[in-house]
Amino acid sequence: MQRASIHRVVLASAALGALLTPAPALAQDRPLRIIVFGAHPDDCDQHAGGTAALWAAKGHAVKFVALTNGDAGHQSEGGGALATRRRAEAQEAGRRFGIAEYEVLDNHDGELEPTLAVRQQVIRRIRSWQADVVIAPRPNDYHPDHRYTGIVVQDSAYMVVVPNVAPDTPPLRKNPVFLYAYDHFQRPNPFRPDVAVAIDSVIERKLHALDAHVSQMYEWLPWVDGTLDSVPKDPAARLAWLRGQRSGRPLPDDVRAALRRWYGARAEGVKEAEAFEVCEYGRRPSEAELRRLFPFFD
Ligand SMILES: [Zn+2]
């Protein structure tokens, strides 16, 4: 009861804010445009795949970009052959999510550096996509490719509006909202779930899309974990195994609290969620704008 009351107050203040301040120039009559960056050709899928599927199902345009080609992510394969395999897996995953594009850049896996050249690759893609929302990892992570993906995307916030930077691609007139995807790292500061999205309605779609990354879900990642022997060979059985690995875990308390802020009492029934933190360097959205960018809470 108390949670429902808080929810009503939040909704009322959001409505009041919309009356008092002119709505941002976010066009409501065109589909939203979302671009998600990951270091490897399965990272976007894991961190934002459910939310991407929800956006796509509503007709919004979602693009995934892997900054490396994944050519180091296997225990017995590598190089160009692995990159080719992983590009095909990413395309199939994108098709299963229902998103518009999945681009895999040809930077080497395990060797990504936060160079000006990579930053410009990112700036050009954010501009070309005319992005309203940009999602990337935070720059604190166990994997250097993940860290540097976070840094180059963060470094692109604001630069996407500067005409003299990467002048071959027209600048955006408005800085997008930049968001960090969820992680569990604590230093130097823990992730803050500003937005949490219930993905129960698309969790099977997400698992089906992750299932397309055969080289990762059923070969490389279990090998790293020392659990390769536990992966079934039969496709249906291994998808069931993946479901056990990737769903059904209790949600962290802070994500549950964020769900309550956005969904009110309905948050209690949510089993699967993805969460995002607003980056200070992009446009700072009001609650009303976040509700337009995440049209899932009503
Ligand atoms: Zn990765």
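Everything here concerns the structure above.
Note that the coordinates shown come from a computational prediction; the quantities given were computed from them, not determined experimentally. Per chain, residue numbering runs from 1 following the sequence as it is written. Predicted model: local features are reported for residues with pLDDT of at least 70 only, side-chain atom pairs are reported and counted for 80 or more only, and whole-chain, interface and lining totals are derived from all residues. To get the side-chain values, all heavy atoms of the structure are used, and hydrogens and water are removed first.

*Asks:* Even after reading the chapter, I still don't get the coordination of the zinc ion, so can you show me in this structure?
*Replies:* When a metal holds four donors in a tetrahedron, each ideal angle between them is 109.5 degrees; when it holds six in an octahedron, the ideal angles are 90 or 180 degrees. For the zinc ion, every protein donor is listed as His40 (ND1), Asp43 (OD), Asp43 (OD) and His146 (NE2), and the spread of their distances is 2.1 to 2.4 Å. Donors, by definition, are the N, O and S atoms found within 2.8 Å of a metal, the threshold being 3.2 Å for Na, K and Ca, and water is not counted, so a site can look incomplete. In this scheme the shape depends on donor count and angles: four donors with every angle between 85 and 135 degrees give tetrahedral, four or six donors with opposite pairs above 155 degrees and others between 65 and 115 give square planar or octahedral in turn, and any other case is irregular. Coordination geometry of the zinc ion: the four donor atoms subtend angles of 56 to 124° at the metal centre, consistent with an arrangement described as irregular. Counting gaps between the donor residues of the zinc ion yields the pattern H-x2-D-x102-H. Of the two residues, Asp43 sits in helix 2 (residues 43–57) while His146 sits in helix 5 (residues 144–156), which places them 103 residues apart along the sequence. Partly exposed residues are those whose accessible area sits between 20% and 50% of the maximum for their type, while under 20% is buried and over 50% is exposed, using a 1.4 Å probe and protein chains only. Given a relative accessible area of 8%, His146 falls into the buried group. Secondary structure elements follow DSSP: runs of H or I of four or more residues count as helices, runs of E of two or more count as strands, with numbering from the N terminus.

*Asks:* Would you mind showing me how to read the pairing of strand 1 (residues 33–38) here?
*Replies:* Residues in a regular strand point their side chains to alternate faces of the sheet. Among the six residues of strand 1, five are classified as buried, and the element is accordingly described as predominantly covered. Examined bridge by bridge, strand 1 and strand 4 (residues 133–136) share three bridges and lie parallel to one another. Bridge pairing in strand 4 places Ile34 opposite Val133. For two strands to count as paired, DSSP must find a minimum of two bridges between them.

*Asks:* What's the story with the sheet that holds strand 1 in this structure? I'm lost.
*Replies:* Think of a sheet as strands paired side by side through backbone hydrogen bonds, with each pair either parallel or antiparallel. Spatially, the seven strands line up as an open sheet ordered 3-2-1-4-5-7-6, and their pairing is mixed. Edge positions in the sheet fall to strand 3 (101–107) and strand 6 (195–198), since each has one partner strand and no second. Mean inter-strand twist for the sheet, computed between neighbouring axes without regard to direction, equals 25°. Strand direction decides the pairing type here: strand 1 and strand 2 (residues 61–68), joined by six bridges, are parallel. Residue Ile35 lies in a different strand from strand 2, and its bridge partner there is Lys63. Residue contacts follow a heavy-atom distance rule, with two residues in contact if any of their heavy atoms lie within 4.5 Å. All axes are obtained by fitting lines to C-alpha atoms, using only the stretch in contact for helices, and the reported angles, taken between N-to-C directions, cover 0 to 180 degrees. Of the strands in this sheet, strand 2 and strand 3 touch helix 3 (residues 79–97), which is tilted by about 160° from strand 3.

*Asks:* Whenever I open this one, the state of the cysteines confuses me. Can you help?
*Replies:* Cysteine sulfur atoms are paired as a disulfide whenever they fall within 2.5 Å. Within the structure shown, the criterion is met by zero disulfides. Of all cysteine sulfurs, the one in Cys279 lies closest to Cys44, which takes part in no disulfide; the gap is 16 Å. What makes Cys279 buried here is its relative accessible area of 2%.

*Asks:* Looking at this structure, how should I read helix 9 (residues 253–263)?
*Replies:* Since the α-helix packs 3.6 residues into each turn, any two residues three or four apart lie on the same face. Among all positions in helix 9, only Val255, Arg256, Ala258, Leu259, Trp262 and Tyr263 are buried. The buried residues of helix 9 all sit within an arc of 160° when viewed along its axis, so they share a single face. Of all possible arcs, the one meant is that of the directions from the helix axis to the C-beta atoms.

*Asks:* Which parts of the structure should I look at to understand the pattern of salt bridges?
*Replies:* We count a salt bridge whenever a side-chain nitrogen from Lys or Arg sits within 4 Å of a carboxyl oxygen from Asp or Glu. Throughout the structure, instances matching the rule amount to 20 salt bridges. Among the salt bridges present, the one from Glu89 reaches Arg85, with a minimum N-O distance of 3.6 Å. Highlighted residues: Glu89 and Arg85, both in helix 3, separated by four residues, approximately one helical turn. Of the residues examined, Arg85 reaches a relative accessible area of 24% and is grouped as partly exposed. A single network of salt bridges, built from pairs that share partners, joins Lys63, Glu101, Glu103 and Arg125.

*Asks:* Would you mind going over helix 2 with me for this structure?
*Replies:* By this rule the span expected of a helix is its residue count minus one, scaled by 1.5 Å. Relative to the 21 Å expected for 15 residues at 1.5 Å per residue, helix 2 spans 21 Å between its end C-alpha atoms, a close match to the ideal helical length. Given a residue, its bend is the angle between the two axes fitted to the seven residues that end at it and to the seven that start from it. Most pronounced at Gly49, the bend in helix 2 amounts to some 70°. Of all 15 residues in helix 2, twelve are buried, a share of seventy percent or more. Along helix 2, the positions that sit buried rather than exposed are Asp43, Cys44, Asp45, Ala48, Gly49, Gly50, Thr51, Ala52, Ala53, Leu54, Trp55 and Ala56. Of the residues one or two after helix 2, Gly59 is the one with positive phi, at around 90°.

*Asks:* Would you take a moment to explain unusual backbone geometry for this structure?
*Replies:* With glycine set apart, most residues show a phi of negative sign, and most peptide bonds adopt trans. A cis geometry characterises the amide bond from Arg187 onward to Pro188, with omega recorded as 0°. Mapping Pro188 onto the fold places it in the loop between strand 5 (177–181) and strand 6. A positive phi angle is found at Tyr158, which is not glycine, with a value near 80°. Structurally, the position occupied by Tyr158 is in the loop between helix 5 and strand 5. Notably, Ala166 is not glycine yet its phi reads approximately 45°, a positive angle. In this structure, Ala166 sits in the loop between helix 5 and strand 5.

*Asks:* Just checking my understanding: could you explain the packing of helix 6 (residues 203–210) against helix 8 (residues 235–246) for this structure?
*Replies:* Each packed pair of helices is defined by two parameters, the angle between the axes and the distance between the axes. Running from N to C, helix 6 and helix 8 cross one another at 115°; their axes reach a closest spacing of 10 Å. Both helix 6 and helix 8 take part in a crossing whose hand is right-handed. Residues Glu204, Leu207 and Leu210 of helix 6 form the contact with helix 8, whose own contacting residues are Leu239, Leu242, Arg243 and Arg246. Looking at the contact of helix 6 with helix 8 residue by residue, the class counts come to four nonpolar, no polar and three charged. Left-handed describes a crossing whose near helix is turned anticlockwise from the far helix by less than a right angle; the clockwise case is right-handed. Note on residue classes: Ala, Val, Leu, Ile, Met, Phe, Trp, Tyr, Cys and Pro are nonpolar, Asp, Glu, Lys and Arg are charged, and everything else, Gly too, is polar.

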